[in-house]
Structures are given as C-alpha cells and as structure tokens.
Amino acid sequence: MMITMIVIALALGALAVLYGAVRRRHQSSLPLRPVDVQALRTLMDRDDELFLREKLPHSRFRRLKRQRILVTMSYVSRISSNSSVVMRLGEAARLNSDDPQVAQAAGQVIELATQIRLQCMVAFAKLAAEFAVPSLQLTPAMLVPRYQTLRENVLRLGALELQGAAPVAVAI
Amino acid sequence: MSLKHLIYGGWIVGTGLQLALVSILVARRMWRQFPIFTTYSLLCLLQSAIGFSIQGFPQLYLYAYCTFETMSCLLGLGVIYEVFTKLLSAYPALEKLAFRAFQWTIAILLAVSATVVYFHAPVEGNKFVSLYVVLEQATRIAEVGLLVFLFSFSRIFGLHWRQSIFGIALGLGFFATVELIGITMRAAFGIAATPVFNLARALSFDCSLLLWMGYILMPERAASAEIPKRAQLEQWNQAIMELINQ
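Along each chain, residues carry numbers from 1 onward, in the same order as the chain's sequence is written. For naming, the first written chain is A and the first written ligand is 1, with later ones following in the order written. Residue-level local features of this predicted model are given only where pLDDT is at least 70; pairs of side-chain atoms are given and counted only at 80 or more, and the full residue set underlies all totals for whole chains, interfaces and linings. As a convention, hydrogens and water are excluded, and side-chain values are obtained from all of the structure's heavy atoms.

What follows is about a nonpolar patch on the surface. On the surface, Met1 and Met5 of chain A together with Met185 and Phe189 of chain B cluster together to form a nonpolar patch covering roughly 440 Å² of accessible area. Structurally, Met5 of chain A is set in helix H1 (residues 2-25). What makes Met5 of chain A exposed here is its relative accessible area of 54%. Within this analysis, patches are made of residues with over 30% relative accessible area and no salt bridge. Like charges are joined at 9 Å or less; nonpolar side chains (Val, Leu, Ile, Met, Phe, Trp, Tyr) at 5 Å or less. In short, Shrake-Rupley with a 1.4 Å probe defines the accessible areas, and a residue's cover is counted only from the protein chains shown. By definition here, a salt bridge exists when the distance from a side-chain nitrogen of Lys or Arg to a carboxyl oxygen of Asp or Glu is within 4 Å. Each helix is a run of DSSP H or I of at least 4 residues and each strand a run of E of at least 2, with the numbering of both proceeding from the N terminus. The classification of residues rests on relative accessible area computed with a 1.4 Å probe and restricted to protein chains. Under 20% of the type maximum is buried, over 50% is exposed, and intermediate values are partly exposed.

As structure tokens, this is what we get:
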C-alpha cells in the first residue's frame with residue numbers, strides 16, 4: 001500500500017508539472033529586464049572585494065558581501081531570463097527567415113544565449129555557496145563579457161533587418 | 001447510462017478521434033517530422049479497431065491487449081525520445097549536457113521501476129495478468145518520469161517548445177499519468193477497480209487525442225518580448241548604483 005501511495009503522489013506531482021507547463025505557455029510574452037553591465041562588473045570585481053575585506057571589520061564585511069551577493073543574484077536572474085527571451089527570438093528568426101545570413105546569425109545568438117543560461121546556473125550555485133560562506137570567492141568573471149557579446153550579436157541580428165532585434169539589444 | 005455504456009462511448013469516440021488524428025498526420029505529411037509519433041498513432045488506431053472487433057473473445061482480447069499495450073508503451077518511450085531530440089535540435093550548446101542528464105534520468109527511473117516491481121504486493125488475477133500489471137506500472141513510471149524530466153529541463157534552461165512538439169509531449173504526459181494512476185489503483189484494489197480504470201483510460205486518451213490535434217492544427221505563436229522604457233532602465237540602474245556605493 002505504501003508503494004501505491006508513493007506512486008500516486010508522484011503521478012499527481014507529474015500532473016502539476018504538466019499544468020504548470022501549460023500555464024506558462026499561455027502566459028503573455030516574457031518581459032525583457034534591463035541589466036547594467038557596468039554595475040554588474042563592479043559587483044563582481046574581485047579587487048574591489050579584496051579592498052573591502054582588508055578595510056572593513058570581519059562582521060561588517062560579511063554583511064556587506066551578503067548584500068552584494070543578493071544584488072548580484074538579481075542581476076544574474078535578469079541575465080538568465082533575458083537569455084531565455086533572446087533564445088526564443090533567435091529561434092523565431094531562424095524559422096521565419098529565408099536569408100541564410102539571418103539564420104546563421106540567429107544560430108550564433110541562440111548558441112551564445114544557451115551558454116549564458118548555463119553559466120547563470122553555475123553562477124547561482126557559486127553565489128549560493130558564497131552567501132553561505134562569505135570568505136569564499138567563487139563568482140565567475142566570464143559571465144559579464146559573454147553577456148556583452150550576446151548584446152553585440154543581437155544588435156548584429158538587428159542590422160540584418162530582423163524585426164524587433166535591435167530594440168531588444170538596447171533593452172537588455 | 002451504465003458504466004459499461006460510458007466505456008463503450010469513450011471507446012467509439014476515441015476511435016473516431018484517432019482516425020481524425022491519423023488523417024491530419026498523413027495530410028500534413030508529419031511522418032517525415034515525427035515518424036515515431038505517427039507510428040504510435042497508427043498503432044493506437046489499429047489497437048482500438050482490433051480490440052473492438054474481438055471484444056467477444058475474452059482470452060484472445062487479453063493477449064491482443066497485452067501485445068498492443070507493450071508495443072504502445074515502448075513506442076511511447078520512443079515518442080519521448082523523438083520529442084527530446086526535436087526540442088534540443090535548436091540548442092546545440094545544450095546537447096551534451098542534456099543527453100547526459102537524460103541518460104542519468106533513465107538510469108534513476110529504471111532503478112525506481114525495478115524497486116516497484118520487486119516490492120510490489122501480489123496483484124489480484126491470474127499470474128499472467130498480475131505480472132503484466134506490475135510491468136506496465138513500471139514502464140509507465142519510466143514514461144511519466146522522463147516527461148517530467150523533459151518539462152523540468154526545458155523550464156530550467158528556458159527552452160522554447162514549438163507548438164506541435166509541446167502538444168505531443170503534453171498529450172502523452174497526460175495520458176501516461178492517468179494510466180499510471182489507473183494501473184496503480186487496479187493493482188491495489190484488484191479486479192473491482194477495472195471498470196473505473198477502463199473508463200478513466202478511455203476518457204484520458206480521448207483528451208490526449210484532442211490535445212494532439214489541437215496543438216498540431218493551432219498556428220505557431222510568434223515570439224515577442226516586452227521591451228522596457230529607457231527611463232525605467234535608467235531609474236533601475238540608478239537604484240542599483242546607490243546600493244553598490246552604500
């Protein structure tokens with residue numbers, strides 16, 4: 001009877017996952033969320049962190065670092081969400097355009113956005129570890145330049161006259 | 001109206017819907033894009049037609065049912081793989097990770113299914129039926145688990161499902177989950193639960209057929225994004241800079 005209960009509970013959980021997927025699919029379009037790359041760079045600057053560590057008392061440094069981590073997490077969350085939107089736009093561009101140049105640029109954008117999405121997941125894990133133990137220094141430095149490259153690639157897609165890509169590049 | 005009539009009703013409606021689905025798949029030449037799903041749909045139609053014509057011969061019906069169910073369970077797993085590869089085809093950067101995660105999920109689900117088979121309480125009915133019920137339950141666990149993995153993976157990585165692929169996965173997921181609940185109830189409560197199981201099965205399959213047809217026929221939604229206003233962007237950046245410089 002125990003197995004029966006577990007299997008039925010898991011099946012009901014599966015139905016909830018399916019329901020969630022349908023709800024998300026029928027929601028209106030995803031919003032792009034602005035990211036200030038310069039501010040994020042400052043937040044992730046290791047020299048800056050070293051300076052704070054030397055100058056501030058340990059307890060104050062820990063509190064400040066946790067605050068910085070929370071802000072960084074919100075940035076990473078925005079980058080992750082924007083990457084997803086860009087992936088979707090890139091896929092639409094690839095499907096709807098007959099121009100091989102557009103298809104190639106869209107493919108590159110999708111590839112880059114996917115990599116960024118992956119890096120965001122790793123960044124989240126590292127930031128969570130740093131939040132738990134503020135003396136750790138694991139935050140990846142690669143995310144910011146990659147995101148910058150994504151912006152440039154989306155802009156290039158816009159230059160290839162893809163409708164909607166240029167404002168997206170400005171907005172992210 | 002008795003439960004038996006309801007089951008027959010569901011069966012007849014289901015056969016009609018299956019015929020419609022197969023016609024749509026053929027008319028749209030979708031076997032090129034989804035060969036396993038098309039085969040699965042054809043097999044289901046064949047199963048319904050043959051099952052309906054031999055229902056007066058219980059022994060023959062039982063063996064035919066088990067044979068077709070086994071084939072459709074295996075093809076169902078094939079359909080999931082087809083959906084998985086189609087979903088990932090647009091994201092080559094994720095392929096390696098996704099295939100590794102898929103393999104791990106299969107390994108975990110096999111272990112879970114084997115545990116369920118090993119610890120299962122005896123099922124009411126003859127040996128063949130009880131063995132079959134337990135094996136089908138184990139296969140459905142794998143099927144539902146893989147679909148949950150697919151939906152969760154796509155949610156985590158923000159992957160976009162194309163309309164038809166989403167519809168196929170959703171319909172199969174709904175049917176397999178209801179079937180899993182049904183077969184688990186059948187195993188736990190014995191033959192007395194069979195009519196309710198059959199009705200739930202027929203109705204859930206009809207719903208899945210409607211989902212498949214709906215998503216295949218519905219036009220693809222254009223991707224769009226809400227772009228924030230420039231002033232909003234500057235305001236937000238200002239707030240963050242103040243926080244950083246605190």
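Additional details are given in the paragraphs that follow.
Looking now at the packing of helix H3 (residues 58-88) of chain B against helix H5 (residues 127-156) of chain B. All names here are of chain B. Note on geometry: axes are lines fitted to C-alpha atoms, helical ones only across the stretch in contact, with angles between N-to-C directions running from 0 to 180 degrees. For the pair H3 and H5, the least separation of the axes is 11 Å and the interaxial angle reads 15 degrees. Compared by their axis directions, H3 and H5 come out roughly parallel. Two packed elements cross with a definite hand, and for H3 against H5 that hand is left-handed. Looking at side-chain class alone, the contact of H3 with H5 contains 20 nonpolar, 5 polar and 4 charged residues. Any angle from 65 to 115 degrees is called roughly perpendicular, while one under 35 is roughly parallel, one over 145 is roughly antiparallel, and all others are oblique. Crossings are sorted by hand: turned counterclockwise from the far helix by less than a right angle, the near helix makes the crossing left-handed, and turned clockwise it makes it right-handed. All residues other than Ala, Val, Leu, Ile, Met, Phe, Trp, Tyr, Cys, Pro, Asp, Glu, Lys and Arg, Gly among them, are scored as polar; the first ten of these are nonpolar and the last four charged.

Residues and elements named next belong to chain A. Computed over the protein atoms alone on a 1 Å grid, cavities are sets of points where a 1.4 Å probe fits but cannot get out and pockets are open sets with protein on both sides within 12 Å along at least five of seven lines; a residue lines them when it has an atom within 4 Å of a point. Grid points are joined across faces, edges and corners, and a volume is the space filled by probe spheres set on the points. Under the criterion given, the structure shown has 3 cavities of 30 Å³ or more. In this structure, the largest cavity encloses a volume near 140 Å³. Going through the elements one at a time, helix H2 (37-44), helix H3 (46-55), helix H4 (58-96) and helix H5 (100-132) are the ones with two or more residues in the lining of the largest cavity. The element contributing the most residues to the lining of the largest cavity is H4, with 6 residues. Of the residues assigned to the lining of the largest cavity, the class counts are 7 nonpolar, 3 polar and 5 charged.

In this section: the confidence of the model for chain B. Of the residues in chain B, 89% have a pLDDT of 70 or more, and the chain-wide mean is 84. We note a pTM of 0.77 for the whole complex and an ipTM of 0.81 for its interfaces. Per-residue confidence from the predictor is given as pLDDT, running between 0 and 100.

Our next topic: H5 of chain B. Residue and element names in this part refer to chain B. Between its terminal C-alpha atoms H5 stretches 43 Å, which fits the 44 Å expected from 30 residues at 1.5 Å a residue. With 21 of 30 residues buried, H5 is to be regarded as a mostly interior element. One or two positions beyond H5, positive phi appears at Gly158, with a value near 60 degrees. Expected helix span is computed as 1.5 Å times (number of residues minus one).

Residue and element names in this part refer to chain A. At a minimum axis separation of 8 Å, H4 and H5 run at an interaxial angle of 160 degrees. With respect to each other, H4 and H5 are oriented roughly antiparallel. Seen along the crossing, H4 lies across H5 with a hand that is left-handed. Looking at side-chain class alone, the contact of H4 with H5 contains 22 nonpolar, 9 polar and 6 charged residues.

Between the rings of Phe, Tyr and Trp (Trp by its six-membered ring), a pair exists once the centres lie within 6.5 Å; its type follows the angle of the planes, with under 30 degrees stacked, over 60 edge-to-face, and the other angles tilted. Applying the stated criterion across every chain yields a total of 21 aromatic pairs over all chains. Between the aromatic rings of Tyr65 of chain B and Tyr132 of chain B, the centroid separation amounts to 6.5 Å while the plane-to-plane angle is 65 degrees, which identifies the pairing as edge-to-face. With Tyr65 of chain B in helix H3 and Tyr132 of chain B in helix H5, this pair connects stretches of sequence that are 67 residues apart. Plain terms: the ring middles of Phe205 of chain B and Trp212 of chain B are 6.0 Å apart, the flat faces sit at 80 degrees to each other, and that makes the pair edge-to-face. Like Trp212 of chain B, Phe205 of chain B is buried. Chaining the aromatic ring pairs together yields one cluster made of Tyr81, Phe84, Phe99, Phe102, Phe149, Phe153 and Phe157 of chain B. Looking at Arg25 of chain A, its charged tip hangs above the ring of Phe166 of chain B, at a distance of 4.7 Å from the centre. Criterion for a charge above a ring: Lys NZ or Arg CZ within 6 Å of the ring centre, and within 35 degrees of the ring normal.

Here the focus is the layout of surface pockets. All names here are of chain B. Size it by volume and the largest pocket reaches roughly 1,200 Å³. Around the largest pocket, the lining is made up of 45 residues, and of these Trp11, Tyr61, Tyr65, Thr194 and Asn198 lie nearest the centre. Residue assignment for the lining of the largest pocket shows that the elements contributing at least two residues are helix H1 (3-27), helix H2 (35-53), H3, H5, helix H6 (163-189) and helix H7 (194-217). Classifying every residue of the lining of the largest pocket by side-chain character gives 24 nonpolar, 14 polar and 7 charged.

All names here are of chain B. Evaluation of the coordinates by the stated rule reveals 7 salt bridges over all chains. Put simply, Glu69 and Arg140 hold a salt bridge, and the shortest N to O gap is 3.1 Å. Placement of the pair is Glu69 in helix H3 and Arg140 in helix H5, with a sequence separation of 71 residues. In terms of burial, Glu69 and Arg140 fall into one category: buried. Between Arg140 and Glu136 there is a salt bridge, and its shortest N-O distance comes to 3.5 Å. Placement of the pair is Arg140 and Glu136 together in helix H5, with a separation of 4 residues, close to one helical turn. Residue classification places Arg140 among the buried positions, given a relative accessible area of 1%. Using a relative accessible area of 3% as the deciding quantity, one classes Glu136 as buried. Several salt bridges converge on common partners, so that one network encompasses Glu69, Glu136, Arg140, Glu143, Glu179 and Arg201.

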